[in-house]
Amino acid sequence: MSTLAASAVLALAACGGASDTAAPGASGSTGASGASTAATDGELIVYSGRNEKLVSPLLDQLSAATGVKVSVRYAGSSELAAQLLEEGEATQADLFFSQDAGALGALGKAGRLEALDQSLTAKVVDGYADAGNLWVGTSARARVVAYHPEQAPEAAQMTSIDAILDPKYKGKVGFAPSNASFHAFVTALRVTEGEEGAKAWLERFRANEPKAYDNNVAVLDGVDKGEVSLGLINHYYWFEKAAEKGESAVTAKIRFLDSDDPGALINVAGVGVLKGTDQQEAAAKAVAFLLGPEAQKYFTETTFEYPVVDGTPTPAGLPALKDLKSSSVDLNKLDSLDQTLALLGEVGLT
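The structure contained in this document is the topic of the report that follows. (Residues numbered from 1 in each chain as written. Predicted model: local features only at pLDDT ≥ 70, side-chain atom pairs only at ≥ 80, totals over all residues. Heavy atoms only, no water.)

1. Points about the pairing of strand β5 (residues 136–147)
The condition is simple: Accessibility here uses a 1.4 Å probe with only protein chains present; expressed as a share of the type maximum, an area under 20% marks a residue as buried, one over 50% as exposed, and anything in between as partly exposed. Think of it this way: any DSSP run of H or I at least four residues long counts as a helix, any run of E at least two long counts as a strand, and we number them from the N terminus. Any two strands between which DSSP finds at least two bridges are classified as paired.
Counting buried positions over the twelve residues of β5 gives twelve, a clear majority of the element. Alignment of β5 against strand β10 (residues 266–274), held across six bridges, turns out to be antiparallel. Residue pairing in the sheet places Val 136 in a bridge with Val 271 of β10.

Printed below as a string of structure tokens:
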């Protein structure tokens with residue numbers, strides 16, 4: 001990636017890049033300032049674009065799994081990818097745990113990731129690892145349309161994300177513009193529709209006056225309360241809310257578009273090892289842990305995502321991953337994060 005492109009990513013990610021739920025820039029044991037995290041001997045430093053509340057119980061187990069002290073910095077995936085591009089070879093980070101494939105792909109394209117051993121990438125379902133072994137998925141999530149069944153009952157039959165552009169939904173669609181999963185959706189839109197087609201779609205979307213929320217949890221809450229009729233989220237937010245409140249207490253429903261459509265994208269959270277790390281062995285052990293049975297069970301039972309390693313049961317109530325019809329976009333093509341962020345800035349959706 002060119003210096004100019006990396007600068008564009010950094011500038012735009014500074015405007016947003018919230019991780020899975022809330023608190024962009026939330027820190028774990030290392031803080032979340034723009035400066036790189038200082039390394040100490042025998043320490044594995046993880047930059048996590050996954051939200052601290054979701055994954056810290058799991059990452060807290062990495063020290064035992066790797067045999068070294070582990071420090072984690074939490075912020076948005078887009079923000080951290082931009083930071084790693086700026087830090088370059090001077091980074092102290094050893095491992096990048098991303099909310100989506102796009103941020104990992106951007107680092108891989110820029111030559112900032114080490115190739116993983118094929119024994120690690122071979123563990124996951126086909127299509128959920130980089131073809132060049134630069135990153136591997138750790139869990140999967142489907143894009144869905146959340147809808148209020150009284151305000152938009154027709155959403156139960158939607159098969160294309162184009163349906164939300166209907167003028168009748170003006171001011172009634174919620175989205176999280178700084179979320180990495182929204183960025184991944186827009187990248188899939190660009191890959192599918194081309195640059196001009198994606199720009200036209202986003203301009204129509206903006207003209208329909210969508211309501212911006214800080215994160216996907218807030219989007220779903222907005223639909224549930226009837227503040228908006230529709231919301232663009234990942235599937236697991238609904239299942240998390242239903243587990244917490246009880247399914248009968250959740251008004252909002254979700255629609256899997258079940259079609260070859262950017263709005264039906266199945267993306268992954270994933271991990272990559274930073275180029276030049278002096279913790280290669282510990283980093284590899286960390287990746288193996290995230291693909292192991294304990295972590296895969298955590299992703300399905302605690303974060304309500306899809307497992308990516310065969311043999312792990314799917315969360316109760318979820319349609320099986322193999323049965324979902326989804327966007328045919330190759331996840332390896334979601335690496336043009338800088339172009340996506342630039343387009344969102346151009347159309348005023350950051």
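2. Some points on the pattern of salt bridges
Just so we agree on the cut-off: Any carboxyl oxygen of Asp or Glu that lies within 4 Å of a side-chain nitrogen of Lys or Arg is treated as forming a salt bridge with it.
Tallied over the entire structure, the rule returns eleven salt bridges. With a shortest N-O distance of 3.2 Å, Glu 305 and Arg 141 are connected by a salt bridge. Of the two residues, Glu 305 is situated in the loop between α11 (293–301) and α12 (337–347) and Arg 141 in strand β5; the sequence distance between them amounts to 164 residues. Both residues of the pair, Glu 305 and Arg 141, belong to the buried class. Through salt bridges with shared partners, one network takes in Arg 50, Arg 141 and Glu 305.

3. What to know about the layout of surface pockets
Cut-off, in case you're wondering: For cavity detection a 1 Å grid was placed over the protein atoms alone, and a set of points counts as a cavity when a 1.4 Å probe fits there but cannot get out; an open set counts as a pocket when protein lies on both sides within 12 Å along at least five of seven lines, with lining residues being those that have an atom within 4 Å of a point. Grid points are joined across faces, edges and corners, and a volume is the space filled by probe spheres set on the points. Polarity classes work like this: nonpolar for Ala, Val, Leu, Ile, Met, Phe, Trp, Tyr, Cys and Pro, charged for Asp, Glu, Lys and Arg, and polar for all others, with Gly in that last group.
The volume enclosed by the largest pocket comes to roughly 240 Å³. In this structure, the largest pocket is lined by 15 residues; those nearest its centre are Val 125, Pro 307, Asp 310, Leu 321 and Lys 322. Grouping the amino acids of the lining of the largest pocket by side-chain chemistry returns eight nonpolar, four polar and three charged.

4. A short note on helix α8 (residues 216–225)
Inclusion rule: Working rule for contacts: check all heavy atoms of both residues, and any pair within 4.5 Å makes them a contact. What qualifies as a polar contact is a pair of N or O atoms within 3.5 Å, subject to a donor-acceptor requirement within protein and to the restriction that residues adjacent in sequence count only when both atoms come from side chains.
Residues Asn 216, Val 219, Leu 220, Gly 222, Val 223 and Asp 224 constitute the buried set of α8. Each element contacted by the buried residues of α8 is listed here: β5, β6 (173–175), β8 (230–234) and α9 (235–245). Of the residues that open α8, the one with a side-chain oxygen 3.2 Å from the backbone nitrogen of Val 217 is Asn 215. Where α8 terminates, the next one or two residues include Gly 226, which has phi positive at roughly 85 degrees.

5. What about the side chain of His 235?
By secondary structure assignment, the location of His 235 is in helix α9. Classification of His 235 as buried rests on a relative accessible area of 0%. When neighbours within four sequence positions are excluded, His 235 is seen to be in contact with Ala 140, Arg 141, Ala 142, Val 144, Ile 254, Phe 256, Phe 304, Glu 305, Tyr 306 and Leu 318.

6. Structural notes on the environment of Val 68
With respect to the helices and strands, the residue Val 68 is situated in the loop between α3 (62–66) and β2 (69–74). Judged by relative accessible area, which is 18%, Val 68 ranks as buried. Placed 25 residues apart in sequence, Val 68 and Glu 43 show a C-alpha to C-alpha distance of 5.7 Å. Residues contacting Val 68, with those up to four places away along its chain left out, are Gly 42, Leu 44, Ser 63, Gln 279 and Ala 282.

7. Here's the deal with the pairing of β10
Along any regular strand, the residues point their side chains to alternate faces of the sheet. Taking burial as the measure, the nine residues of β10 include nine buried ones, the bulk of the element. In the sheet, strand β3 (residues 95–98) pairs with β10 via four bridges, with the strands oriented antiparallel. The partner of Phe 97 across the bridge, within β10, is Val 271.

8. Section: the packing of helix α7 (residues 180–207) against α12
Heads up, the condition is: Axes here refer to lines fitted to C-alpha atoms; in helices the fit is confined to the stretch in contact. Angles between the N-to-C directions go from 0 to 180 degrees. Note on angle classes: values under 35 degrees are labelled roughly parallel, values over 145 roughly antiparallel, values of 65 to 115 roughly perpendicular, and the remainder oblique. In this scheme the crossing of two helices becomes right-handed for a clockwise turn of the near helix relative to the far one and left-handed for an anticlockwise turn of less than a right angle.
Between α7 and α12, the shortest axis-to-axis distance is 10 Å and the interhelical angle comes to 20 degrees. What the angle tells us is that α7 and α12 run roughly parallel. Crossing of α7 over α12 shows left-handed handedness. Note on element contacts: α12 touches α7 through Leu 337, Gln 339, Thr 340, Leu 341, Leu 343, Leu 344, Glu 346 and Val 347, opposite Phe 182, His 183, Val 186, Thr 187, Arg 190, Glu 195, Ala 198, Lys 199, Leu 202, Glu 203 and Arg 206. Split into classes, the residues belonging to the contact of α7 with α12 amount to nine nonpolar, four polar and six charged.

9. Side note on the environment of Glu 209
When you line up the elements, Glu 209 lands in the loop between α7 and β7 (211–212). Taking the relative accessible area as the measure of exposure, Glu 209 reaches 48% and is therefore partly exposed. For the pair formed by Glu 209 and Pro 167, sequence separation is 42 residues and the distance between their alpha carbons is 9.7 Å. Glu 209 has contacts with Lys 170 and Gly 171, leaving out every residue within four places of it along the chain.

10. Side note on the environment of Asp 335
By secondary structure assignment, the location of Asp 335 is in the loop between α11 and α12. With relative accessibility at 15%, the residue Asp 335 sits in the buried group. Spatially, the C-alpha atoms of Asp 335 and Gly 102 are 4.3 Å apart, while their sequence positions differ by 233 residues. Leaving out residues up to four positions away in the same chain, Asp 335 has contacts with Gly 102, Gly 105, Ala 106 and Lys 109. Within the structure, Asp 335 has its side chain in polar contact with the side chain of Lys 109 (distance 3.3 Å).

11. Points about the packing of aromatic side chains
Inclusion rule: Aromatic pairing here means that ring centres of Phe, Tyr or Trp (its six-membered ring) are within 6.5 Å. Orientation follows from the plane angle: under 30 degrees is stacked, over 60 is edge-to-face, and everything else is tilted. Only when the NZ of Lys or the CZ of Arg is both within 6 Å of the ring centre and within 35 degrees of the ring normal is a charge said to sit over the ring.
Tallied over the entire structure, the rule returns eight aromatic pairs. Here Phe 185 and Trp 201 contribute two aromatic rings whose centre-to-centre distance is 5.6 Å and whose plane-to-plane angle is 75 degrees, an arrangement assigned as edge-to-face. Assigned by exposure class, Phe 185 and Trp 201 land together as buried. Three or more aromatic residues link up through ring pairs in this structure, and these residues are Phe 175, Phe 182, Phe 185, Trp 201 and Phe 205. Against the face of Tyr 47 rests Arg 73, its NZ or CZ located 5.3 Å from the ring centre.

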